[in-house]
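# Notes for the structure review
Next come the chains, spelled out residue by residue.
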Amino acid sequence: MSFDPSQGTVELAPSRDERFVAPNLGDWAQAWRSFSWEAARRGLEGLPGGGLNIAHEAVDRHLARRGGHTAMRFLSATGARRDVSYAELLSLTSRFADALATLGVARGDAVFCLTGRVPELYVAALGTLRRGAVFCPLFSAFGPEPVRARLSLGKGVALVTTPALYERKVRPIRAALPALRHVLLVREAGDGAPLPEGTLDLNALLARASTVRAVEATRPEDPALLHFTSGTTGTPKGALHCHRAVLQHHVTGALALDLHPDDVFWCTADPGWVTGTSYGIVSPLTHGATLLVDEAEFDGERWYRLLQEEAVTVWYTAPTAVRMLMKLGDELPRQFDLSRLRFIASVGEPLNPEAVTWSARVLGRTIHDNWWQTETGGIMIANFRSMAVRPGSMGKPMPGVEAGLVTRLPDGSVKEVTAPDTVGELALRPGWPSMFVAYLNEPARYQKCFAGGWYLTGDLARKDADGYYWFVGRSDDVIKSSGHLIGPFEVESVLLEHPAVAEAAVIGVPDPMAGELVKAFVSLKPGMAADAALEKALLAHARKRLGVAVAPKLLAIVPALPRTRSGKLMRRLLKARELGLPEGDLSTLESPA
Ligand code: ATP
Ligand code: MG
């Protein structure tokens, strides 16, 4: 590759702020060398006879010492606030597990949830795990067909939802779901409307259920969580995870997110996306921390206020959200006291260097990007608190995780890429606890993810001489133009440096001479006028920074870019539209853009 995004960016040294507790991970190299999963397992309690259950690790084991500590703080969209202690969470989730047992929902059955971020979602998640059943959260914005497809694939026997969502999204497809035996509705207190036929009132069921329901004696290898991928590159896949994943959630919470028991932790992701479950439910609770849950959607001012008023200490968010905050300007955050915030992390998409330096300058804290996927179940590569951040890099492998770069050979085998700064497909050595165990109904696809003793991620990256990983692009998105291999991220990062640009996405469009030409789509910051002069200026800026071989030849200014509900750019949709091809699965598209 001709362009090195690490050039020209400064390394940001770790902050040595004495007000804060020491980082959990001191020296990365030493921690990576000495780590063992067996030893880490001692950080969990486990069940007699080698059993393991996520709900037990997240809730029960804190009872003796932290029963009165706030486990979850719920902020409703209308401003209501509800604190739930670990002791209350135990009783609520026991009731949920007991209610499932009474309904005949057995160990291994799938329980789905289609609600906003309301307390019942969290009670259902942990209560389902307590029962030994498999939990599958869905985005509440899904339409009837994506809901049907997922419930059908996952053979959901029970569904937790609200009366309004039931009417609009479930009733029309209910007849097509023979396995779905129970629909449990989350109703407002005092809702006197008759229950729709074939549904039950969840809170009435919970009121009748027992608060003493022992956690099911699950084994580490028993299935626990089903997550659908974001659908960025095609039809979403259902990735299945086991109870042993809790070890990864716990260890990464400590080492990559620097969680301590007295933290107030806010993960902005919805549980409909894997981050919102692994880190928006399980991980912080295994540390006995306080988890903040905000029901409302993105609102920059509300977010800054929430960071201040709730005294958030660790914040896990997404690059898209950071760029939306940047779009609101530098003055807004200065009106808030963010001094309690110790650590910011992000995941989901490449974090452009500009966003990292903006955060350091304006929020007073560096953003620590980390990389993982639905399939990996937990953080794999991260910028750790004690490590200098190289803006644009996703950091170094987690202790307990061996990462590498490989090229696939025509005979199906793989060859390791060892030279520094050379692009290869990011690969991981199987053996970490939260690795997915299946793609539902797609065994052949699952098998194809493994070769030469590696799990192949489908993402391209490179590693610099000091061991930092740099994301290049998804293998589907990489552009081949006149013999150059161009990763969209480097081109997008450069466009995002321009003061007029809010968002950028880059694709390859076929060209008889070059093979593919780089085409950029950008949306502008508020108040910027889209005209031919700006288009020219943007192309010139990109040419100057990237050189003619890599810079876009074509550029379009658009009002907004298509994204998944988890905030990822859908380059495949831009490409399909550009080429007049079928648009493919749009179930996870945020809103028509
Ligand atoms: P699908 O597999 O259905 O196409 P998806 O890959 O977007 O969707 P997820 O599992 O939610 O589904 O996302 C994981 C992907 O997100 C990664 O493979 C990677 O491409 C991208 N990603 C996550 N974190 C980062 C990061 N820090 N830097 C760059 N890319 C990231
Ligand atoms: Mg994927």
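Residues numbered from 1 in each chain as written. Chains lettered and ligands numbered in written order. Predicted model: local features only at pLDDT ≥ 70, side-chain atom pairs only at ≥ 80, totals over all residues. Heavy atoms only, no water.

## Quick look at the environment of Pro 23
Under the convention used in this document: Starting at the N terminus, helices and strands are each numbered in turn, a helix being any DSSP run of H or I of at least four residues and a strand any DSSP run of E of at least two. Contact definition: two residues touch when any of their heavy atoms are within 4.5 Å.
Take Pro 23: it is sitting in the segment before α1 (28-34). A sequence separation of 234 residues divides Pro 23 from Leu 257, and the C-alpha atoms of the two residues are 9.6 Å apart. Setting aside residues up to four positions removed in sequence, Pro 23 forms contacts with Asp 258, Arg 385 and Ser 386.

## Concerning the state of the cysteines
Operational definition: The rule for a disulfide is simple: a pair of cysteine sulfur atoms within 2.5 Å. Each residue's exposure class comes from its accessible area (1.4 Å probe, protein chains only) as a fraction of the maximum for that residue type: buried when under 20%, exposed when over 50%, partly exposed otherwise.
Going through the model one piece at a time under the given rule, you end up with 0 disulfides. Of all cysteine sulfurs in the structure, the one in Cys 136 sits closest to Cys 113, which takes part in no disulfide; the separation is 9.6 Å. Residue classification places Cys 113 among the buried residues on the basis of a relative accessible area of 1%. Here Cys 449 is not disulfide-linked; the sulfur of Cys 242 is the nearest cysteine sulfur, at 16 Å.

## Things to note about the confidence of the model for the protein
Formally: pLDDT is a per-residue confidence score from the predictor, ranging from 0 to 100.
The share of residues in the protein with pLDDT of 70 or more is 98%, and the mean pLDDT across the chain is 95. Contacts for the low-pLDDT stretch residues 1-6, under 50 throughout, to residues beyond four places or in other chains number 18 contacts.

## Some remarks on unusual backbone geometry
The backbone of Lys 155 shows a phi angle near 50°, a positive value even though the residue is not glycine. Within the secondary structure, Lys 155 sits in the loop between α7 (144-153) and β5 (156-161). With phi around 60°, Asp 421 is a residue other than glycine that occupies positive phi space. With respect to the secondary-structure elements, Asp 421 resides in the loop between β18 (414-416) and β19 (424-428).

## Re helix α13 (residues 319-327)
In terms of burial, α13 is a largely internal element, 7 of the 9 residues being buried. Considered for burial, the residues of α13 that qualify are Pro 319, Thr 320, Ala 321, Val 322, Arg 323, Leu 325 and Met 326. Downstream of α13 by a residue or two, Gly 329 has a phi angle that is positive, lying close to 100°.

## With respect to the environment of Leu 539
Mapped onto the elements, Leu 539 comes out in helix α18 (residues 532-546). Classification of Leu 539 by relative accessible area gives buried; the value is 16%. Taking the C-alpha atoms as reference points, Leu 539 and Pro 552, separated by 13 residues in sequence, lie 6.7 Å from one another. Dropping the residues within four chain positions of it, Leu 539 is found in contact with Pro 552, Lys 553, Leu 554 and Leu 555.

## Description of the pairing of β19
Here is the rule: When DSSP finds two or more bridges between two strands, those strands count as paired.
The element β19 is extensively covered by neighbouring structure, given that 5 of its 5 residues are classed as buried. Pairing analysis gives 4 bridges linking strand β17 (residues 403-408) to β19, with the strands arranged antiparallel. By the bridge assignment, Gly 404 is partnered in β19 with Ala 427.

## Examining the sheet that holds strand β27 (residues 515-524)
Through backbone hydrogen bonds, the strands of a sheet pair up, either in parallel or in antiparallel fashion. The condition that has to hold: Between N-to-C directions, angles span 0 to 180 degrees; the directions come from axes that are lines fitted to C-alpha atoms, helices contributing only their stretch in contact.
Strand order in the open sheet formed by 3 strands is β26-β27-β28, and the pairing between neighbours is mixed. Two strands in the sheet have a free side with no partner beyond their single neighbour: β26 (501-511) and β28 (554-557). Sheet twist, expressed as the mean angle between neighbouring strand axes with direction ignored, is 20°. Bridge count between β26 and β27: 10 bridges; the pairing is antiparallel.

## Things to note about the nonpolar core
Keep this limit in mind: The definition of a nonpolar core used throughout is a set of buried Ala, Val, Leu, Ile, Met, Phe, Trp, Tyr and Cys residues joined through side-chain atoms within 4.5 Å.
Among the nonpolar cores identified, the biggest contains 122 residues, and Leu 285 and Tyr 316 are the most heavily contacted of them. Of all the elements, helix α6 (residues 119-131) adds the most residues to this core, at 7 residues. Among the nonpolar cores identified, the runner-up in size contains 28 residues, and Val 322, Ile 344, Val 356 and Val 389 belong to it.

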